[in-house]
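What follows is the residue order along each chain.
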Amino acid sequence: MQLNHTPGHIKHSGHNLTGFVIFLCSESIIFLAFFAGFTLFKLTSPEWLPPGVEGLEVRMPLINTVVLVSSSFVAYFAERYLHKGNLWGFRIVWFITMLMGAYFVYGQYVEWSSLEFGLGSGVFGGTFYLLTGFHGLHVITGIGLMGLMLYHSFRPGNYEKGDMGVTAVSLFWHFVDVIWIILFVLIYVWQRY
Amino acid sequence: MTSTKFDPRILKAPHPVPGAPDNWKRFFSFNTDAKVIGIQYIATSLLFLLVGGLLAMIVRGELITPPADLVDPTVYNGLYTMHGTVMLFLFLFPVLNGLNNLLIPTMIGAPDMAFPRLNAAAFWLVPVFAVLLMGSFFLPGGPAQAGWWSYPPISIQNPMGLFFNGEQLWLLAVALSGISSIFGAINFVTTIVRMRAPGMGFFKMPLYCWTAWGAQIIQLIGLPALTGGAIMLLFDLSFGTSFFRPEGGGDPVLYQHFFWFYSHPAVYVMVLPVFGIFSEVFTCYARKPLFGYKFVALASFGIVFLSLIVWVHHMFYTGTPNWMRILFMFTTMTIAVPTGVKVFAWVATLWGGKLRLTTPMLFCLGGLINFIFAGITGVMLGTVPIDIHVGNTYFVVAHFHYVIFNAIVLGVFAAVYHWFPKFTGHMYYEGLGKLHFALTFIGCTLNWLPLHWAGLLGMPRRVASYDPEFAIWNVIASIGAFMLGVAAIPFILNMVSSWARGPQSPPNPWGAIGLEWLLPSPPPAENFEDDVPTVINNPYGYGLGEPQVADEEYYIRRAQEA
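Here is a short report on the structure shown in this document. (Residues numbered from 1 in each chain as written. Chains lettered and ligands numbered in written order. Predicted model: local features only at pLDDT ≥ 70, side-chain atom pairs only at ≥ 80, totals over all residues. Heavy atoms only, no water.)

1. Brief notes about the overall build of chain B
Looking only at helices and strands, chain B has 15 helices and zero strands in total. With respect to the principal axes defined by its C-alpha atoms, chain B has extents near 75 × 50 × 45 Å. Excluding contacts between residues fewer than 6 apart, the proportion of contacts in chain B whose partners are at least 24 apart in sequence is 81%. Put simply, chain B shows about 20,100 Å² of open surface, and 72% of that area lies on carbon and sulfur atoms. (Helix = DSSP H or I, 4+ residues; strand = E, 2+ residues; numbered from the N terminus. Contact = heavy atoms within 4.5 Å. Areas by Shrake-Rupley, 256 points an atom, 1.4 Å probe, with all protein chains shown as cover.)

Written as structure tokens, this is what we have:
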């Protein structure tokens, strides 16, 4: 057995995905806590909507939902291109995913600026901005990470040790997507019933 | 695995990170070696044990007489809040993460943690939030005063109308501590799951790894819930939301759910590794195999599961409906089952053994006795009628400190002594160690045993002045607390002088079984490197003639030659 002592000869890359999945599971519990709080408030509050507020407009968020959910599939196709070795295909489709994410953030911004209630408008306003804001932060982080992956894809020899980073980021993107679906059902759909 | 090609010089090779210093300076740098990080964690946290202890002694000094005469009552509120916060977030969590860093990679034969840089980042967050937390003493309104649980509506008061008060700084520090703990937990779980030595199935793993694994899973599940609650509290305090303000439609009890969903299991995060320490130390110094290894291992996960469904027993007297009280009383009682499995296994391990009463063994025996006592008062507190009677009295304080100090901290001291020769390469002084144990054990008993009586008589907690009828219990308790302060002197003396000038330690001074004892003392930078032993047995084959690894003689010789 040859014991060569080269610096950093121990490969850690195989563990990265395990660690990232553990992180995502843990992160989902913060959302779970917020969802639980929201549900409890919604069920127990005698007056849910603050005075003068009719409810939330659904059309714009629905378009946003469609964009975000389909972007998850687009990200999947980008990954497929990468696995097939089509680097430019990956970059283009990956960039489209980023654009869809950016559109989602823009839609969120438009919605926020059109609302007539604020963070201080009772529990309704507080939970709305907390949930959508915290999720929005995750979307922005996801776009940032995708940008990083896109930048890395131009480095020569970037995928010699595998494409764990892209897998992790697209997992993160699916995670953000699933969270949004739950959030959409809780905040926008439930208000009708 | 041929022994002839092995070159012992390789074990003395310099640190694998290029440019990292190899002398004492490495403890003050961003070093990614788990053993350096472990010692960084332990040294930092022991420093904060002194800080937290000093705060506690001021509190006990105030309580030695019934009237509030030593410090102002608002200062007193800040003192016990900061005492609790420092002890939990700056002493116990970091010290256990330090032990994890030292023990997990060496015990499972991994060269390092799975994510060394994340590991270092997790450690360096500790000084950052330590500075924040200590800095809150210098804020105009003083530090946070709402107790370590920070319940609204007290915690969302801002009577002085400050732009930035101690509570906000406290929340920020706790959030950073949470990030550090999550980084650590991801690292420990990944390391245990993916980096075990060949042949080391889960049921051949040392119990310390089982318990640390369970504890870190609790961190991953519970901590985010507290983070969620803390974010909402910070919003209430800073941005005018009303999540926990009843006047705005909010619910202060919801915070208590978030808080206890994490903070009850947090006690198990601290006690589980100590259960692991008990299992390692008792078998080693009783020279007997661990009784019921598999059951003790599985009981750890029984505790993990149950710890997540008992939190409401902290809220029996905060408007909890009766059906919920009964339900959570029941789940709380069932926790005694896996814990009892462990306690009986240790007693059965000790039974008929030839005990060597070294310092770590004494600390573990003391810790076990105290833990049994704390468990009994715990079951008492878990029953609704008694809890409603003694809730918010010194009985709760006494029970809590019996668990946290008398059992957990004694176990931590045992671990520090037991593995001191391994990771510093020097023996400690047994006499000073035993003096430390005697002072600690007598001090902690004097400190918290009498407070049970004070609590049963109805002395409320978190007050600077009290009825003179409780004076006698408080005088005894304060004497005990000052004794614990004195106990720090032989400990510091022992650690510093042993590390500086103590006799050299052989690779296995205790004749213990375990992969870490097959390494030289102190272990080289990457432990076994590529030459990891193949595990064939669990590490508790004392007196059975069952070696833990194949080719054991080779590894023993290798460690001695290095």
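2. Describing the overall build of chain A
Along the backbone of chain A there are five helices and zero strands. The globule rule puts the C-alpha radius of gyration for 193 residues at 16 Å, and the 20 Å found for chain A is more than 25% above it. Structurally, chain A occupies a C-alpha span of about 75 × 35 × 25 Å along its principal axes. Considering chain A as a whole, with its 193 residues, one finds that 49% of them fall into the buried category. Sequence-distant contacts in chain A: of pairs separated by 6 or more residues, those separated by 24 or more amount to 80%. A total of about 9,700 Å² of accessible surface is found on chain A, and carbon and sulfur atoms cover 68% of it. Distance from the positive charge centre (9 side chains) to the negative charge centre (10 side chains) of chain A: 14 Å. (Rg over C-alpha atoms; globule rule 2.2 N^0.38 Å. Buried < 20%, exposed > 50% of the residue type's maximum accessible area, 1.4 Å probe, protein only. Lys, Arg positive; Asp, Glu negative; His and termini not counted. Charge placed at Lys NZ, Arg CZ, Asp CG, Glu CD.)

3. Considering the pattern of salt bridges
Residue and element names in this part refer to chain B. Evaluation of the coordinates by the stated rule reveals three salt bridges over all chains. The partner of Asp33 in a salt bridge is Lys35, with the nearest N and O atoms 3.8 Å apart. For the pair Asp33 and Lys35, one class covers both residues: buried. Between Arg558 and Asp531 there is a salt bridge, with the nearest N and O atoms lying 2.9 Å from each other. Within this pair, whereas Arg558 is found in helix H15 (residues 552-561), its partner Asp531 is found in the loop between helix H14 (471-501) and H15, the two being separated by 27 residues in sequence. Looking at Arg558, the relative accessible area reads 2%, which means it is buried. (Salt bridge = Lys/Arg side-chain N within 4 Å of Asp/Glu carboxyl O.)

4. Some details on a nonpolar patch on the surface
Residue and element names in this part refer to chain A. A contiguous nonpolar patch, built from Ile63, Tyr103, Tyr106 and Tyr109 and spanning about 440 Å² of accessible area, is present on the exposed surface. A total of three residues in the nonpolar patch trace back to one element, the largest contributor, which is helix H3 (residues 87-114). The residue Tyr103 is located in helix H3 in this model. (Patch = residues over 30% accessible without salt bridge, like charges linked within 9 Å, V, L, I, M, F, W, Y side chains within 5 Å.)

5. Regarding the environment of Ile58 of chain B
Residues and elements named next belong to chain B. Note that Ile58 resides in helix H1 (residues 34-63). For Ile58, a relative accessible area of 29% puts it in the partly exposed group. Separated by 29 residues in sequence, Ile58 and Ser29 place their C-alpha atoms 34 Å apart. Discounting chain neighbours no more than four positions away, the residues touching Ile58 are Leu70, Val71 and Leu79.

6. Regarding the packing of aromatic side chains
Note on aromatic pairs: each is described by the distance of the centres and the angle between the planes. All names here are of chain B. As enumerated under the stated definition, the model contains 68 aromatic pairs over all chains in all. With 5.5 Å between their ring centres and 70° between their planes, Phe244 and Tyr255 make a pair best called edge-to-face. Taken together, the residues span a long stretch of sequence, with Phe244 in the loop between helix H5 (207-238) and helix H6 (252-286) and Tyr255 in helix H6 at a distance of 11 residues. Accessibility assignment for this pair places Phe244 and Tyr255 in one class, buried. Consider the rings of Phe278 and Trp346, whose centres lie 5.2 Å apart with planes at 90°: the pair is edge-to-face. With Phe278 in helix H6 and Trp346 in helix H9 (residues 336-350), this pair connects stretches of sequence that are 68 residues apart. Here Phe278 falls in the buried class, since its relative accessible area comes to 1%. (Phe/Tyr/Trp six-rings, centres within 6.5 Å; stacked < 30°, edge-to-face > 60°.)

7. Brief notes about the side chain of His418 of chain B
Residue and element names in this part refer to chain B. Mapping His418 onto the fold places it in helix H12 (residues 394-424). Side-chain polar atoms of His418 contact the side chain of Tyr285, separated by 2.8 Å. Residue contacts for His418: discarding those within four places in its chain leaves Val281, Cys284, Tyr285, Pro360, Trp510 and Trp517. (Polar contact = N/O pair within 3.5 Å; in protein donor to acceptor, adjacent residues only side chain to side chain.)

8. Here we look at the nonpolar core
Counting 237 residues, the largest nonpolar core has Trp94 of chain A together with Leu90, Leu92, Met205, Ile277, Phe282 and Ile408 of chain B as the members making the most contacts within it. Looking at which element gives the most residues to this core, the answer is H6 of chain B, with 22 residues. (Core = buried A, V, L, I, M, F, W, Y, C linked by side-chain atoms within 4.5 Å.)

9. What to know about H5 of chain B
In this model H5 of chain B runs 45 Å from its N-terminal to its C-terminal C-alpha over 32 residues, within 8% of the 46 Å that 1.5 Å per residue would give. Judged by how many residues are buried, H5 of chain B sits mostly within the fold: 25 of 32 residues are covered. (Expected span 1.5 Å × (residues − 1).)

10. Things to note about unusual backbone geometry
Leaving glycine aside, a negative phi is the common case for residues, and trans is the common case for peptide bonds. Residues and elements named next belong to chain B. Cis peptide bonds are those with omega within 30 degrees of zero, and the linkage from Pro152 to Pro153 qualifies with 5°. Inspection of the secondary structure assignment puts Pro153 in the loop between helix H3 (116-135) and helix H4 (166-194). Following Ser521, the chain continues to Pro522 via a peptide bond in cis, the omega torsion being -10°. Residue Arg287 is not a glycine yet carries a positive backbone phi of 55°. The topology assignment puts Arg287 in the loop between H6 and helix H7 (293-307). Despite not being glycine, Glu529 has its phi angle at roughly 50°, a positive value.

11. Digging into the environment of Gln548 of chain B
All names here are of chain B. Note on placement: Gln548 falls in the loop between H14 and H15. By relative accessible area, Gln548 is classed as buried at 2%. Expressed as a C-alpha distance, the spacing of Gln548 and Leu515, which sit 33 residues apart in the sequence, is 8.0 Å.

12. Remarks on the packing of helix H2 (residues 73-108) of chain B against H5 of chain B
Relative placement of two packed helices is described by the angle separating their axes and the distance separating the axes. Residues and elements named next belong to chain B. Contact geometry of H2 with H5 gives a least axis separation of 10 Å together with a crossing angle of 130°. With respect to their mutual orientation, H2 and H5 come out oblique. In the packing of H2 onto H5, the handedness of the crossing is left-handed. In this structure, H2 uses Phe93, Leu96, Asn97, Leu99, Asn100, Leu103, Ile104, Met107 and Ile108 to contact H5, whose residues at the interface are Tyr208, Cys209, Ala212, Gln216 and Gln219. (Axes fitted to C-alpha atoms, helices over the stretch in contact; angles between N-to-C directions. Parallel < 35°, antiparallel > 145°, perpendicular 65-115°, else oblique. Left-handed = near helix turned anticlockwise from the far one by under 90°.)

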